[in-house]
Amino acid sequence: FYIFGDVDEEPPPADPKAAKGKQAAAPPPTEDLDEMKAQSHAVGFVDLKSLPDGAAEVEARVELRSLMELPITEPPPAQEGDEPPPPPSTFESAGTYVRLTISLTNFRRAMPRDAAPLPEGSLPIIASEEKTLTAEEELEGVVIKAIDALAASFGEHHLAQANTYPDTEGLQDFVRLLQTQGAYGKLRTSLQPAMMQFVNKMFQNVPLEHMPSSGLCGDMRDKGYSDIYVLLMEATQRVMARWIDDKKKKRDAPLWKAPPAQDKDEAAQDAMLVRLVFECELSTQWDRAIDFFKRRLVLNKNRKNSKSWFAYGRFLRRLGQEGAAEAVLRCVSLDGLDSCAGEILLMGGLLLAELQRFEEAHTLLTRFTERAPESPLANYALLCLYASWEGHDRMPAKFLDLARRPPEFFHGLSSSEIRETCKEWYDDKAGAILGDSEPLAPEVSQEEEDHEAETLEFPDPADLHPSEDSVDAAPLQFVDILLKLGLAGPALTILEPVPGFPLLTERSLHSERVTIQRAKAYMLQRRFEDAARELTAMLQKGDRHRDAWYLMGECLYQIGNMQDAASAFETGSAFLLTNADPVPALRLGTCYLHLGRWKEAHQKLNESIEIRPTALAWQGVGMALYRSGDLARACEALQEANYFDPENAQVWANLAMVCCRQGPEQTYLAKQSYRFAMARQHQLPFEMLVELGRVLLYQSELSVDQASLAALTVAEEGGAEAEHAVAFAAEAEQCLLEALKRQDSGEAHEILGDSYAMQLKPHLAVEEWRLCIAFYAADPPSRERVFQKSQDMVTRKIHDPDLLEALNVDVSLAEQRHQEQLESEMEDGHVEEEPEGDQDEAGP
C-alpha cells in the first residue's frame, strides 16, 4: 500500500479527533511501479504470500493516526514588516503513523507450507536498528574526535614551524594558538555532554548523602569531586592509549615485520617479556628493559601477583633506579603484612631504611624477626637496621654476636625479651661483646716457629683457597640473601672491614667466599674496576675457580677490555664440558665479534643459541656472517633475531645494511627495515647511526677514504648503476643528521656531504666538507681528500671564486693548527724528559 499527498495540502478539520478515522486517499491509477513509489509519501508492505491461494478471504483497512493532538489556531493577520508565519504541521511533527487492519475469514483446510521463496529484491530494505551507545562508548567517540582535531591542528602548526618538534614552551604556544582561534572552546563544548552523561551514570546508584553538591560541604560529599576527576582522567587516558596504539599499528602496517606479540595468549606474552627483560638488562638497554617489565605488570596474571611485583622491585634495585621500595611495598599491600614472604619484609625494610623512612622500616623488619625469634639471621637483620638508624658504632658488633649464638640460646625468649636483652648488653657491656665473638689464636712457641721457617713444604690448599671462619656462617648467609635481593650497600657494610670494629674475623675477610661477595656487591654498584681488583688478587693465589673467572670476564667486558675478557671467559669455560648457562658463551662470542674473530664468534654464539635462543645471540650470528661476507645467511640470522625481538631498532638497522649490500633486488626490504629502525632511532647509538648512513650511501663495507670518491664518480656517470647508487642517499642523510645531533664528527660530516652531492645539492655538500677540514686538521690525507672534493664541486657546479678562496683559507688554518699542535707536543715531551738529565733534545 502507498500513501500519497501531505496533510499540508488541505486545511485540517475543525475537530482534530475526526482526523484519526480519516482513510487514506486511493492512489492515482498508474501502471509504473517506480513512478508510483516516486509520487508516494510513504510505502508499506505486508507479506501474505505464505498463505496458499484460496486459504482465506483477506480484507485490509489502512488509517492514518497521530500520536498527539495539535491545537488548531488561526494565524493572525499579517502586518507589514512581520516575519512570515511558521510552516504548518507535517507528518513528522504530528507523530503520524499508519494503522493497518487485516481480516482473514472463511479459512479452509491447512495446506503444506511449500511456497517458493520470494525473488531477490521483492522485499523492501528495512534499515537495521542503530545500536544504543553506552556512556563510556559515547565518551570514547567524542574524545577520539577531539584528539583527531588536535592532531590535525598540530600537524598544520608543526609544518608552519619548519618541521621542528616543539619543546615545552612551543607546546604552550600551540595551546594559546588554539585558545585564540576558538578551537579550544569548541573542543570543550563538544566534550561536555558526553562527560555529563558519563558522570550521571557513575552516580546513578550512589546514595544521596554521598553525591557531590553544588559547593564544598566539608563531608563525604566533597569526595565525589575527586572521584569524578579521577574517573574522567582514567577514561580519557584509556581512550588516548588505544588511539596511540591504533595509530602505531596503522603506521607499522606497511612494514615487513615479525608477527605481533598481541596475537599471543597471556602466558606466551609473559614468557616473551621475561626473555626480553633479561636480554635488555644483559645488553644494558635500561629504558627498554623497564618498558618491557611494565608491560609485564599490565597483564592480568601479573597485575595483582606479588611475585611479579617483587621481581620488579629487585630488577629496579639492580639497575639503581628509583621505585624499588614502592614496588616491594605493593607486594606487602597485595599479600598483607601477615601473609607476605619474609624476603619481601626484609628487602622492603632495608630499602625504606636507605630512604630514611625509619618508622615504616621498623614495622616491616620487626614483623620479619617476630616470625622466627630463635633465628640469628632475623635478629641480625633488625640490628643491622638499628646500626644505620641510630649511628652507633658498636651496635653492629652486638647484633653480630646474636647472629653467632646457637638456636638454643633463644629458646624460651620472646622477640621483645630478646630486644630487651640486646639493649641491656649494649648499655652494660658496650664493646666487650666483640672480644667474646672473636676466637683467640693458639699460642705458638719460638721453637715451632723456627721449625716451620726451616721446613720446605708444598703450598697449603687452605692458603690457595682460604675458607671463611665458621663463626661467621650466619652473617655470610645473610650477605648472600642481601646480594640476591640486590642490596649491595648493606652487604658492603658487613663485608668491608671497619677500623676498630670489624664485623667479620680476619680469616673470613680474606677468604674466597667473602672476596667473591665483595666483587658481586661492587658489580651491583657498577664499580667494575674495584671488582676486577678483588678478583685479580684472589686468582693470583689460586686460579681454579670457575665463578671467579666468569665474574672477572664480566667486569672486563663492562670496562671494554675485550681481549682480557675473552681470555677470562675461555678459562672459566674450560672447567666444564657442558654448560646450562647461555650467558658465558654469549659474552665470549660478543668479545670475538669486537676482536674481529668472525668464525669463532659464530661458533660460540651458536652454542649459546643451543642452550637458550635469544635475539642477542641471533643478532651476533648475523653480524658475524655479515662481516665475513655471507650476506644471505646473515639476512636469515637477523630475521630470526627480529622474530625474537621485533621492536629492537639495532636488529632492524643491521638488517637494513645487509639487505642494502645484497643488491637492487632487496632494495624494498632494505628501505622497510630502515624505516622501522628510524621509527625507534633513540635506541640506536651514535656509532651505529654513522655506520648505517655510510653503508646505505656507499652500499659497501669500505671505509670513507676508500668508498667516497668511487661513489661520487658512479653518481656523476648516470645510468641504471647511478640510479641504484643514489637510491639510499636521502635515508643516509637522515641517519647522519640524527647522529650529528648527538655528537660532532668529521666522518659524519664528510658522509653527509657526500649524500648531499649525490642528491645534487652542491652548496650543502661543500658546507659539510668545509667542516670536515677543521676536524681533519691532524689527518693530512683525509684533509687533502676532502679539499679535492670540495674544490672540484665548486669549480664544476657552483662557479664561485669567493667560495674557492674560502676553501683555501680553511686548509691553511687547518695546517697551521696542526703545526701548532705538533710544536706543543714536542714542548711537552721536552719538559717531561728534562728532569731526567739523560737527553739534551726533546723526545719525539
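Keep in mind the model is a prediction, meaning the values are calculated, not measured. (Residues numbered from 1 in each chain as written. Predicted model: local features only at pLDDT ≥ 70, side-chain atom pairs only at ≥ 80, totals over all residues. Heavy atoms only, no water.)

(A) Highlighting the overall build of the chain. The secondary structure content of the chain amounts to 40 helices and 4 strands. Taken over 844 residues, the chain has a buried fraction of 38%. For the chain, restricting intrachain contacts to residue pairs at least 6 apart in sequence, the fraction spanning at least 24 positions comes to 64%. (Helix = DSSP H or I, 4+ residues; strand = E, 2+ residues; numbered from the N terminus. Buried < 20%, exposed > 50% of the residue type's maximum accessible area, 1.4 Å probe, protein only. Contact = heavy atoms within 4.5 Å.)

(B) Geometry of a nonpolar patch on the surface. A cluster of nonpolar side chains, Val46, Leu48, Val58, Ile102 and Leu104, forms an exposed patch at the surface whose accessible area comes to about 350 Å². Along the polypeptide, Leu48 turns up in the loop between strand E2 (40-43) and strand E3 (57-66). Given a relative accessible area of 35%, Leu48 falls into the partly exposed group. (Patch = residues over 30% accessible without salt bridge, like charges linked within 9 Å, V, L, I, M, F, W, Y side chains within 5 Å. Areas by Shrake-Rupley, 256 points an atom, 1.4 Å probe, with all protein chains shown as cover. Salt bridge = Lys/Arg side-chain N within 4 Å of Asp/Glu carboxyl O.)

(C) The arrangement of the packing of helix H23 (residues 512-524) against helix H25 (residues 546-559) in detail. Interhelical geometry of H23 versus H25 gives an angle of 25° and a closest axis separation of 11 Å. Compared by their axis directions, H23 and H25 come out roughly parallel. The two elements H23 and H25 meet at a crossing, and its hand is left-handed. In contact with Ile516, Lys520 and Met523 of H23, H25 contributes Leu551, Glu554 and Cys555. Its residues placed into classes, the contact of H23 with H25 shows 4 nonpolar, no polar and 2 charged. (Axes fitted to C-alpha atoms, helices over the stretch in contact; angles between N-to-C directions. Parallel < 35°, antiparallel > 145°, perpendicular 65-115°, else oblique. Left-handed = near helix turned anticlockwise from the far one by under 90°. Nonpolar A, V, L, I, M, F, W, Y, C, P; charged D, E, K, R; others polar.)

(D) Inspection of the nonpolar core at higher detail. Core analysis: the largest hydrophobic core is formed by 161 residues, its most contacted members being Tyr312, Phe315, Tyr626, Leu692, Leu696 and Trp769. Ranked by residue count, the leading element in this core is helix H31 (residues 649-661), at 10 residues. Residue contacts for Tyr312: discarding those within four places in its chain leaves Ile290, Phe293, Lys294, Leu297 and Ala327. The next biggest cluster of nonpolar side chains, apart from the first, holds 17 residues, and it includes Val142, Ala146, Ile147 and Ala194. (Core = buried A, V, L, I, M, F, W, Y, C linked by side-chain atoms within 4.5 Å.)

(E) Structural context of the packing of aromatic side chains. Throughout the structure, instances matching the rule amount to 7 aromatic pairs. Between Tyr550 and Phe569, the aromatic rings sit 6.4 Å apart at their centres with planes inclined by 35°, giving tilted as the arrangement. Placement of Tyr550 in helix H25 and of Phe569 in helix H26 (residues 562-573) is noted, with a sequence separation of 19 residues between them. With respect to burial, Tyr550 and Phe569 carry one shared label: buried. Three or more aromatic residues link up through ring pairs in this structure, and these residues are Phe293, Trp309, Tyr312 and Phe315. The ring of Trp309 carries Arg330 above its face, with NZ or CZ at 4.2 Å from the centroid. Here Lys671 stacks its cationic end above the ring of Phe728, 5.6 Å away from the centre of that ring. (Phe/Tyr/Trp six-rings, centres within 6.5 Å; stacked < 30°, edge-to-face > 60°. Lys NZ or Arg CZ within 6 Å of the ring centre and 35° of its normal.)

(F) Inspection of the pattern of salt bridges at higher detail. Going through the model one piece at a time under the given rule, you end up with 33 salt bridges. Its salt-bridge partner being Glu600, residue Arg597 comes within 2.6 Å of it at the nearest N-O pair. We classify Arg597 as partly exposed; its relative accessible area is 26%. What makes Glu600 partly exposed here is its relative accessible area of 33%. With a closest N to O distance of 3.9 Å, Glu747 and Arg694 form a salt bridge. Here Arg694 lies in helix H33 (residues 686-698) and Glu747 lies in helix H37 (residues 746-758), a separation of 53 residues in the sequence. Each of Glu750, Asp754, Arg785 and Lys789 takes part in salt bridges that share partners, so that together they form one network.

(G) Helix H29 (residues 615-627), seen in detail. The end-to-end C-alpha distance of H29 is 18 Å, a good match for the 18 Å that 13 residues give at a rise of 1.5 Å each. Of all 13 residues that make up H29, 12 are buried, and the element is covered over most of its length. Listed in full, the buried residues belonging to H29 are Ala615, Leu616, Ala617, Trp618, Gln619, Gly620, Val621, Gly622, Met623, Ala624, Leu625 and Tyr626. Turning to H29, the residues buried within the fold contact helix H7 (266-282), helix H27 (582-595), helix H28 (598-611), helix H30 (631-644), H31 and H33. Looking at the residues trailing H29, positive phi occurs at Gly629, about 95°. (Expected span 1.5 Å × (residues − 1).)

(H) Expanded view of helix H36 (residues 729-742). The terminal C-alpha atoms of H36 lie 21 Å apart, and with 14 residues this matches the ideal 20 Å at 1.5 Å per residue to within 8%. Listing the buried residues of H36 in full gives Ala729, Glu731, Ala732, Glu733, Cys735, Leu736, Glu738, Ala739 and Leu740. On its buried face, H36 sits against helix H32 (667-679), H33 and H37.

(I) Structural context of the confidence of the model for the chain. In the predicted model, the chain carries a mean pLDDT of 75, and the fraction of residues at 70 or more is 65%. Looking at the elements of the chain, mean pLDDT is at its lowest for helix H17 (residues 432-437), recorded as 32, and at its highest for H29, recorded as 94. A low-confidence stretch, residues 421-444 (pLDDT under 50), is modelled with 32 contacts involving residues beyond four sequence positions or located in other chains. Within the model, pLDDT remains below 50 along residues 830-844, and this stretch shows 8 contacts once partners closer than five positions in the same chain are excluded. (pLDDT = per-residue confidence, 0-100.)

(J) Summary view of unusual backbone geometry. A positive phi angle, near 65°, is found at Gln356, a position not held by glycine. Of note, Gln356 is situated in the loop between helix H12 (342-354) and helix H13 (358-370). Judged by its relative accessible area of 54%, Gln356 falls in the exposed class. One non-glycine residue, Leu760, lies in positive phi territory at about 60°. By the secondary structure assignment, Leu760 is in the loop between H37 and helix H38 (762-775).

(K) Here's a closer look at the packing of H33 against H36. Closest axis-to-axis distance for the H33/H36 pair is 8 Å, and the angle between their directions is 160°. What the angle tells us is that H33 and H36 run roughly antiparallel. Like other packed secondary-structure pairs, H33 and H36 cross with a definite hand, here left-handed. The segment H33 lies against H36, with Phe686, Leu689, Val690, Leu692, Gly693, Leu696 and Leu697 engaging Ala729, Glu731, Ala732, Cys735, Leu736, Glu738, Ala739 and Arg742. Classifying every residue of the contact of H33 with H36 by side-chain character gives 11 nonpolar, 1 polar and 3 charged.

(L) The arrangement of the environment of Gly596 in detail. Tracing the backbone shows Gly596 in the loop between H27 and H28. Given a relative accessible area of 32%, Gly596 falls into the partly exposed group. Separated by 28 residues in the primary sequence, Gly596 and Ala624 have C-alpha atoms spaced 8.5 Å apart.

(M) Looking closely at the environment of Phe198. In this fold, Phe198 is placed in helix H5 (residues 183-202). We classify Phe198 as buried; its relative accessible area is 10%. Separated by 30 residues in sequence, Phe198 and Ile228 place their C-alpha atoms 9.4 Å apart. With residues up to four places along the chain from it excluded, the contact list for Phe198 reads Ala135, Glu136, Leu139, Leu231, Leu232 and Ala235.

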